[in-house]
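The residues making up each chain are set out below.
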Amino acid sequence: PRTKDKLVDGCHRTVDDRHMWLAPLAEGSAKNFVTITLGTPTKILALRLWNYNKSPEDSARGVRRLHVQVDDRAATPATGVTVRRGPGHDRFDFGHTIPLSAEPPAWALPPPSRNAGELVKEMASLGQDCEPPVLPRGYTWEFALLGTQGDPHYLGLNGIQMFDAEGQPIEIRSDQVSASPSSINDLEEAGPGRAGPDCRTPDKLVDGVGLTWDPVHMWLAPYTLGTPNLVFVVLDMPATVSMIKFWNYSRTPSRGASEVQIRVDGDIAYHGYLRAAPAEDAASRDRDFCQCVYFAPPARAQPPAAAGSG
């Protein structure tokens, strides 16, 4: 059933291979081609692709590099574009938007070469919960939240902020963030009988307001002991990251996350613990309670002061 018509059958976020296309890999210098013929001249700004996603193992069959031509003219760089690998599950929309003939943002460019050995030595002196890789780079950033600060039923965060190789904030759109479970709106008691949906949804993690006690700027989801809550940040271009800031859940500090594991394109990059947010009082309002995970020495990862308050 994995025929070319499945590419446009409208069912993309799936692990069901009845909605996928699969073909033998062309050998040698030959290439696999997909041709789409439109009835009338149409201006195309971007493509959105869902890579092969039957399972974590079978996602290795997905496209790695892609060249696009429009009426026999190149619409992508001569080297092609790298396509994000499918996650092998459908917990989030893994569609990959590829702009045509657009310059990538600065944070998507590979960092200039540095003395990796010196960076590793500086990182080892930080005393973090583990020694992470220096300046990891990838498309899909998965945050597995492995426990709470004591609450048995709910887990949340105020915010997450990622910084590029030069210490500048990476722009993350609200549609690039998802979670599993998504939010407390997943619960039956949060359904139609309520006055309206709860505002504490995953998009609040990147709304730029982490230092807060206002639930309008927080994310909260059901928690089951022994089952991690997952947050996904899925980018259309690979990002090199020097630092990630976390603001723990502050409305009820016991519902904050206590432990986090970070994966970059499936590979573990960090595993450590998070502090509880302070209860709201006059003293805490004047103190930023964010916690930093460094993937580069702080002098390099630290952004300008104006960008650090979240």
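Scope of this entry: the structure provided in the associated data block. (Residues numbered from 1 in each chain as written. Predicted model: local features only at pLDDT ≥ 70, side-chain atom pairs only at ≥ 80, totals over all residues. Heavy atoms only, no water.)

1. Considering the nonpolar core
Among the nonpolar cores identified, the biggest contains 32 residues, and Trp 141, Phe 143 and Ile 244 are the most heavily contacted of them. Only β7 (137-148), β8 (154-163), β9 (177-180), β10 (219-222), β11 (229-240), β12 (243-248), β13 (257-264) and β14 (267-273) provide two or more residues apiece to this core. (Core = buried A, V, L, I, M, F, W, Y, C linked by side-chain atoms within 4.5 Å. Buried < 20%, exposed > 50% of the residue type's maximum accessible area, 1.4 Å probe, protein only. Helix = DSSP H or I, 4+ residues; strand = E, 2+ residues; numbered from the N terminus.)

2. Regarding the layout of surface pockets
Estimated volume of the second largest pocket: approximately 540 Å³. Taken together, 24 residues form the lining of the second largest pocket, with Arg 85, Gly 86, Pro 87, Asp 265 and Gly 266 sitting closest to its centre. Within the residue set of the lining of the second largest pocket, elements represented by two or more residues are β7 and β11. Here the lining of the second largest pocket gets three residues from one element, more than from any other, and that element is β7. A class-by-class count of the residues in the lining of the second largest pocket yields ten nonpolar, seven polar and seven charged. (1 Å grid on protein atoms, 1.4 Å probe; cavity = no way out; pocket = protein on both sides within 12 Å on 5 of 7 lines; lining within 4 Å. Points joined across faces, edges and corners; volume = space filled by probe spheres on them. Nonpolar A, V, L, I, M, F, W, Y, C, P; charged D, E, K, R; others polar.)

3. Re the environment of Asp 236
The residue Asp 236 is located in strand β11 in this model. Taking the relative accessible area as the measure of exposure, Asp 236 reaches 14% and is therefore buried. Spatially, the C-alpha atoms of Asp 236 and Val 83 are 8.7 Å apart, while their sequence positions differ by 153 residues. Setting aside its immediate chain neighbours within four residues, Asp 236 contacts Arg 84, Gly 95, His 96, Thr 97, Tyr 139, Arg 173 and Gln 176. At 3.2 Å, the side chain of Asp 236 forms a polar contact with the backbone nitrogen of Thr 97. Side-chain polar atoms of Asp 236 contact the side chain of Arg 173, separated by 3.4 Å. (Contact = heavy atoms within 4.5 Å. Polar contact = N/O pair within 3.5 Å; in protein donor to acceptor, adjacent residues only side chain to side chain.)

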